[in-house]
Amino acid sequence: MRLLGGRNLKAFEEEIASYIGTRYAFGVASGSDALLLGLVAAGIGQGDEVILHANAFMAAVEAIKWVGARPILVDASEDDFGPDPEQVHRAISPKTKAVIVVHMYGHPADLDPLLELRQRHGFKLIEDCSHAHGAEYKGRKVGSFGDVGCFSCGVVKNLGAFGDAGFCTTDDPEVARKLDLLRVHGQVKKNQHLFYGFNSRLDEIQAAVLRIRLRLLDSDNRRRQEIAALYTEAFRKLDGLIPPPEFPDRKSVYHRYVVRTKKREELRAFLKERGVETGIQYPLPLHMQDAWLGEGYGKYHLPVAERICSEVLSLPLYPELTDEEVQYVIEKVTEFFRG
């Protein structure tokens, strides 16, 4: 049995490309590597500017930094946690070579305005779909719209391996050629390297796990959607609590069920005392992180991203959650707000 570059990797890449709806898919070692290799394959490098919304996870900024580009932050959309398209428009400069859109918490961001801006300005659109395996925008899977789709398959993701794992998707043959070689040191055959690359391989064990998990992904996502619908129906009339966004032309896969409330810390403590664990993804926007400030990238005031990060709270949601457990969470959240 081959542990690297064997039949399970090839089969997974074919199966996931078919599932997402792209010509190509390439397994890599992690979601962070997917972003890094995706940017390199798209031609992003030293001196380029890459636009990103400030409420995203640190991995996207790290990828921009390590390719030598400069991250330019914009505010979030109040509607869907993605980037504010008007702010993206205003941030575009002659140095803008890419925009990274993160489909936060499993909710597809509004892609049409970004695709229109790409058409007008010629930048590369990179989709970070690490929260959004199987999510759809206007009937198409996210990860099939941009120049590169980047996915994490870490253990907590909707499509999760038994360790770190990831993959990239693309329809561009040249980007595909670069992705294929970048993950193996730019090696076209043993000891012959076309360009400098990385060591970022999805091993056979993780590929085999992901092939099995892929067969269950749609049913797991449907269960997530069922739980989310129960939560949202119960919470939509609670004063002081904002349920996640819903759009008729988008299908969320609810990697997290993220509510917003100005009483986040009080609610979190209340639920913890009653045996309900919660999470915060993410409490600080990128421009307020020590790493950002230490790089000297500059100060920003991005009020929507700052407000979102101060209010978001993730309630329990995973396919194995029972109806009884869901009702218990509903009961306790309702008790908090209605006292």
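Figured I'd write up the structure that's included with this text. Quick caveat: nothing in here was measured; it's all calculated off a predicted structure.

With mixed pairing, the seven strands of this open sheet are ordered in space as 1-9-8-5-4-2-3. What marks the edges here is a single partner per strand, and that holds for strand 1 (24-28) and strand 3 (70-74). Averaged over all pairs of adjacent strands, the angle between strand axes in this sheet comes to 20°, irrespective of strand direction. Note: strand 1 against strand 9 (residues 166-170), five bridges, orientation antiparallel.

Cis geometry marks the peptide bond from Gln281 to Tyr282, where omega comes out at 10°. Assignment of secondary structure puts Tyr282 in the loop between helix 8 (264-273) and helix 9 (290-295). Despite not being glycine, Tyr254 shows a phi value in the positive range, around 45°. Within the fold, Tyr254 resides in the loop between strand 12 (250-251) and strand 13 (257-260).

Once that is clear, we can look at the packing of helix 8 against helix 11 (residues 323-338). Helix 11 packs onto helix 8 with a crossing angle of 130° between their chain directions and a minimal axis gap of 10 Å. Put simply, helix 8 runs oblique to helix 11. Pair helix 8 / helix 11 crosses with right-handed handedness. Only Lys332, Val333, Glu335, Phe336 and Phe337 of helix 11 make contact with helix 8, whose side of the interface consists of Glu266, Leu267, Phe270 and Leu271. A per-class count over the contact of helix 8 with helix 11 returns six nonpolar, no polar and three charged.

Take the pairing of strand 4 (residues 96-102) next. The side chains of a regular strand alternate between both faces of the sheet. Most of strand 4 sits out of view: six of its seven residues are buried. Relative to strand 4, strand 2 (residues 49-53) runs parallel, the two being bridged by four bridges. Considered in strand 4, the bridge of Leu52 is made with Ile100. Regarding the hand of the β-α-β motif, the stretch spanning strand 4, helix 5 (residues 112-121) and strand 5 (residues 124-128) is right-handed.

What follows covers the sheet that holds strand 7 (residues 140-141). Taken in spatial order, the three strands make up an open sheet running 7-6-12, and their pairing is antiparallel. The open sheet terminates on both sides in strands that have one partner only, identified here as strand 7 and strand 12. Pairing of strand 6 (residues 136-137) with strand 7 involves two bridges; the strand directions are antiparallel. When the bridges of strand 7 are listed, Tyr137 appears paired with Arg140.

Here we take up the nonpolar core. The biggest cluster of nonpolar side chains holds 71 residues, and the ones touching the most others in it are Leu52, Ile100, Tyr231, Phe235, Tyr257, Leu315 and Val333. Aside from chain neighbours lying at most four places away, what touches Tyr231 is Tyr257, Leu315, Pro316, Leu317, Leu321, Val326, Val329 and Ile330. If you look at the next biggest cluster of nonpolar residues, it comprises 23 residues, including Ala25, Ala165, Ala207 and Leu214.

With that out of the way, let us pick up the side chain of Thr96. Structurally, Thr96 is set in strand 4. With relative accessibility at 8%, the residue Thr96 sits in the buried group. Here the side chain of Thr96 touches Ser93 through a polar contact of 2.8 Å, landing on its backbone nitrogen. Excluding residues that lie within four positions of it along the chain, Thr96 makes contacts with Glu49, Ile51, Ala91 and Phe123.

Rules behind the numbers
Residues numbered from 1 in each chain as written. Predicted model: local features only at pLDDT ≥ 70, side-chain atom pairs only at ≥ 80, totals over all residues. Heavy atoms only, no water. Pairing = 2+ DSSP bridges. Helix = DSSP H or I, 4+ residues; strand = E, 2+ residues; numbered from the N terminus. Axes fitted to C-alpha atoms, helices over the stretch in contact; angles between N-to-C directions. Parallel < 35°, antiparallel > 145°, perpendicular 65-115°, else oblique. Left-handed = near helix turned anticlockwise from the far one by under 90°. Contact = heavy atoms within 4.5 Å. Nonpolar A, V, L, I, M, F, W, Y, C, P; charged D, E, K, R; others polar. Buried < 20%, exposed > 50% of the residue type's maximum accessible area, 1.4 Å probe, protein only. Right-handed = clockwise from strand over helix to strand, strands pointing away. Core = buried A, V, L, I, M, F, W, Y, C linked by side-chain atoms within 4.5 Å. Polar contact = N/O pair within 3.5 Å; in protein donor to acceptor, adjacent residues only side chain to side chain.

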